[in-house]
Amino acid sequence: MKAVVVYRSVYGSTKKYAEWIAEKIGCRALDRDSAEYSEIEGADIIIYGGGLYAGKVNGIEFLTSSPQRFKDKKIVLFTCGLADPADAENHKNIMSGIRKAVPECLLERAEIFCLRGGIDYSRLGFIHRTMMAMMYKAVKKKGVSAEGKEFIESYGKAVDFTDKEAIEPIVEYVLKCMDTD
């Protein structure tokens, strides 16, 4: 079986994970914005990574706009966000967003992994900075959940929670799939 990693990264954490995964598996990592479907057609396993923004997976339309295109492919989806996916409430929220965005025909064949990324407020564009400021005010007013506490503590700072070891479950899963064919 042949695999390919496709990713959408705005600030770099998802790209870092995608490149680490591709290197470990021995396949290509393609930026979703420049990837052509022809580069992906020969792959049996599509590994898609996108950052989490307001509960949505960045660039997920790559998979969801034409699910029939991937009907014979194994799908591995990884998300990359600021919230710690090891926290049960955070994981539940991430999965809820994924279930809303991804058609059932893809979900039933997908293996999903949630990774932790980072943020550098000095690099945020105006729209993201404004959204984060509004979210900060709302979280402070609403009260502190585990995710809210982490958000408040990191607000306005540069933090990087990427961890190369976090890709191991993805790599193991993909290599196992490749060995079974």
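Residues numbered from 1 in each chain as written. Predicted model: local features only at pLDDT ≥ 70, side-chain atom pairs only at ≥ 80, totals over all residues. Heavy atoms only, no water.

Concerning the overall build of the protein
Applied cut-off: In this description a helix means any DSSP run of H or I spanning at least four residues, a strand means any run of E spanning at least two, and both kinds are numbered starting from the N terminus. The globule rule used for comparison is 2.2 Å times the number of residues to the exponent 0.38, while the radius of gyration itself is calculated over C-alpha atoms. Buried means the residue's accessible area, taken with a 1.4 Å probe over protein chains only, is under 20% of the maximum for its type, while exposed means over 50%, and partly exposed covers the values in between.
Tallying secondary structure elements over the protein gives eight helices and eight strands in all. Against the 2.2 N^0.38 benchmark of 16 Å for 181 residues, the protein shows a C-alpha radius of gyration of 16 Å, consistent with a compact globule. Seen through its principal axes, the protein has C-alpha atoms that stretch 50 × 30 × 30 Å. Counting only residues that meet the buried cut, the protein has 42% of its 181 residues in that class.

Regarding the packing of aromatic side chains
For clarity, the cut-off: Only Phe, Tyr and Trp rings take part, Trp by its six-membered ring, and two of them pair if their centres are within 6.5 Å. Stacked means planes under 30 degrees apart, edge-to-face means over 60, and tilted covers everything else. Charge over a ring is defined by NZ of Lys or CZ of Arg lying within 6 Å of the ring centre and within 35 degrees of the ring normal.
All chains considered together, the criterion is met by eight aromatic pairs. Arranged with centres 6.2 Å apart and planes meeting at 55 degrees, the rings of Phe113 and Tyr173 form a pair that is tilted. Of this pair, Phe113 sits in strand β6 (residues 110–116) while Tyr173 sits in helix α8 (residues 168–179); the two residues are 60 residues apart in sequence, bridging distant segments of the chain. Arranged with centres 5.0 Å apart and planes meeting at 65 degrees, the rings of Tyr121 and Tyr155 form a pair that is edge-to-face. With Tyr121 in the loop between β7 (118–120) and α6 (126–142) and Tyr155 in the loop between α7 (146–154) and β8 (158–160), this residue pair connects regions lying 34 residues apart in the sequence. The class of Tyr155 is partly exposed, set by a relative accessible area of 26%. Grouped by ring-pair contacts, the aromatic residues Tyr37, Tyr48, Phe62 and Phe70 constitute a single cluster. When the ring centre of Tyr37 is taken as origin, the NZ or CZ atom of Arg69, which lies over that ring, is 3.7 Å away. Lying across the ring of Phe161, Arg116 places its NZ or CZ 3.6 Å from the centre.

So, the pattern of salt bridges
To keep things clear, this is the line we draw: For salt bridges, the criterion is a side-chain nitrogen of Lys or Arg within 4 Å of an Asp or Glu carboxyl oxygen.
In the structure shown here, the tally under the stated rule is five salt bridges. A salt bridge links Lys16 to Asp160; its shortest N-O distance comes to 3.0 Å. A residue pair is termed long-range when its members are at least 10 positions apart, and Lys16 in helix α1 (residues 13–25) and Asp160 in strand β8 qualify at 144 residues. Since its relative accessible area comes to 28%, Lys16 is described here as partly exposed.

Observations concerning the side chain of Thr79
Here is the rule we go by: Note on definitions: a residue-residue contact is assigned when non-hydrogen atoms from the two residues lie within 4.5 Å.
Considering the arrangement of structural elements, one finds Thr79 in strand β5 (residues 74–81). With sequence-adjacent residues up to four places away left out, Thr79 is seen in contact with Gly50, Leu52, Val57, Ile94, Ile98, Phe113, Cys114 and Leu115.

Here we look at the environment of Ser13
Which entries qualify depends on this criterion: Polar contacts, as counted here, are pairs of nitrogen or oxygen atoms within 3.5 Å of one another; within protein the pair requires one atom able to donate a hydrogen and one able to accept it, and residues that are adjacent in sequence qualify only if both atoms are side-chain atoms.
One can find Ser13 in helix α1. Note on Ser13: relative accessible area 15%, which makes it buried. Leaving out residues up to four positions away in the same chain, Ser13 has contacts with Cys80, Gly117, Gly118 and Thr162. Among the polar contacts listed, one links the side chain of Ser13 to the backbone nitrogen of Gly118, at a separation of 3.4 Å.

A closer look at the nonpolar core
The condition is simple: We call a set of buried residues a nonpolar core when its members are Ala, Val, Leu, Ile, Met, Phe, Trp, Tyr or Cys and they connect through side-chain atoms within 4.5 Å of each other.
Of all hydrophobic cores here, the largest spans 23 residues; its most connected members are Ile40, Ile46, Tyr48, Leu63, Phe70 and Ile98. For this core, the secondary-structure elements that each account for two or more residues are β1 (3–8), β3 (45–53), α3 (61–64), β5, α4 (88–101), α5 (104–107) and β6. Among the elements that take part in this core, α4 stands out by supplying three residues, more than any other. In contact with Ile46, other than residues within four places in its own chain, are Val4, Ile40, Leu63, Phe70, Lys73, Lys74, Ile75 and Val76. The next biggest cluster of nonpolar side chains, apart from the first, holds 22 residues, and it includes Tyr7, Tyr17, Ile25 and Leu115.

Examining the confidence of the model for the protein
Predicted coordinates in regions of low pLDDT should not be interpreted in detail. The criterion, for reference: Values of pLDDT, which run from 0 to 100, indicate the predictor's confidence residue by residue.
Per-residue confidence for the protein gives a mean pLDDT of 88, with 96% of residues at or over 70. Per-residue pLDDT, averaged within each element of the protein, yields its smallest value for α7 (73) and its largest for α1 (97).

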